[in-house]
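Summary of structural features
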Amino acid sequence: MHRGLQVFNRAPETTATSWLLTCCSSPAWAGRLAAHRPYPTTDALLAAADEAAYDLAPAQLATALAAERPHGPHPSGIPAAARTALDAAHAAYESRFGHVFVIALAAYRPDEHLDQTLAGLRARLANDAEEERVVAAEELRRVARARLTRLVSGIGAQAVGEAVKPGKSGEFPDSGPADSPYVPV
């Protein structure tokens, strides 16, 4: 069993729930995953996370989406016109749907992230509210899954005997930069 998963499985429920809330800000999702420990494998944990995400009620999904941070700083070196287009598309999306744009970019090369984000924003702005709720829920599930994978790996990377504590942002010190729905996860 992965060392990070062992630590996760043995952590007090309040600690595990706190860690999980850094992956998806749904108390229902985090509570369900924490309560069903121990998980025999990381794949089992990820499957449970997926199932819990699929089972979020509309109000629980809205809570999780409302807690997502707005898009982060622009990647360095992008042209001013792209920056302006990105800002305008994000503003239009948030105005139309009432929450930040969430997209999982892990399947794309870093040099494709800007194009994928702009294309996603433009395409999803054409959705009606129900269509977008379904798409946003799926993107949030994928983002949470990537964050959870990084969380378990971060716990496992801690030195033996060292206390495992999230950083001041709620993430583990070695889990990489804070996510935003705009950056790859």
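Everything here concerns the structure above.
An account of the accompanying structure is given in this report. (Residues numbered from 1 in each chain as written. Predicted model: local features only at pLDDT ≥ 70, side-chain atom pairs only at ≥ 80, totals over all residues. Heavy atoms only, no water.)

Looking only at helices and strands, one finds eight helices and zero strands in the chain. In sequence order, the secondary structure elements of the chain are arranged as α-α-α-α-α-α-α-α. When burial is assessed residue by residue, the chain has 42% of its 185 residues classed as buried. A sequence separation of at least 24 residues applies to 67% of the contacts in the chain between residues at least 6 apart. When the accessible surface of the chain is totalled, it reaches about 9,100 Å², and 58% of it is carbon and sulfur. (Helix = DSSP H or I, 4+ residues; strand = E, 2+ residues; numbered from the N terminus. Buried < 20%, exposed > 50% of the residue type's maximum accessible area, 1.4 Å probe, protein only. Contact = heavy atoms within 4.5 Å. Areas by Shrake-Rupley, 256 points an atom, 1.4 Å probe, with all protein chains shown as cover.)

The subject of this paragraph is the layout of surface pockets. Approximately 160 Å³ is the volume found for the largest pocket. What lines the largest pocket is simply Pro58, Leu61, Ala62, Leu65, Ala66, Phe97, Gly98, His99, Ala129, Glu132 and Arg133. If you tally residues by element for the lining of the largest pocket, the top one is helix α5 (residues 58-67), at five residues. (1 Å grid on protein atoms, 1.4 Å probe; cavity = no way out; pocket = protein on both sides within 12 Å on 5 of 7 lines; lining within 4 Å. Points joined across faces, edges and corners; volume = space filled by probe spheres on them.)

Before going further, it helps to examine the side chain of Arg37. Among the secondary structure elements, Arg37 is positioned in the loop between α3 (27-35) and α4 (42-54). Within the local environment of Arg37, its side chain forms a polar contact with the backbone oxygen of Phe8, the two atoms lying 2.7 Å apart. Not counting the four nearest positions on each side in its chain, Arg37 is found in contact with Phe8, Asn9, Arg10, Ala11, Pro12, Glu13 and Ala16. (Polar contact = N/O pair within 3.5 Å; in protein donor to acceptor, adjacent residues only side chain to side chain.)

For the rest of this paragraph, the subject is the packing of aromatic side chains. Throughout the structure, instances matching the rule amount to two aromatic pairs. Here the aromatic rings of Tyr93 and Phe101 are separated by 5.1 Å at their centres, their planes lie at 80°, and the arrangement is edge-to-face. By the burial criterion, Tyr93 is buried, and Phe101 matches it. Taken together, Tyr93, Phe97 and Phe101 form an aromatic cluster joined through their ring pairs. The aromatic ring of Phe8 is capped on one face by Arg37, whose charged end is 5.7 Å from the ring centroid. (Phe/Tyr/Trp six-rings, centres within 6.5 Å; stacked < 30°, edge-to-face > 60°. Lys NZ or Arg CZ within 6 Å of the ring centre and 35° of its normal.)

You can see His90 is positioned in helix α6 (residues 80-97). In this structure, the C-alpha to C-alpha distance between His90 and Val100, residues 10 residues apart in sequence, is 7.3 Å.

Take the nonpolar core next. If you look at the biggest cluster of nonpolar residues, it comprises 46 residues, and the most contacted ones within it are Phe8, Leu20, Trp29, Leu33, Tyr39, Leu45 and Leu148. At the level of elements, α1 (3-10), α2 (13-21), α3, α4, α5, α6, α7 (113-124) and α8 (129-157) are the ones that each hand at least two residues to this core. A total of eight residues in this core trace back to one element, the largest contributor, which is α8. (Core = buried A, V, L, I, M, F, W, Y, C linked by side-chain atoms within 4.5 Å.)

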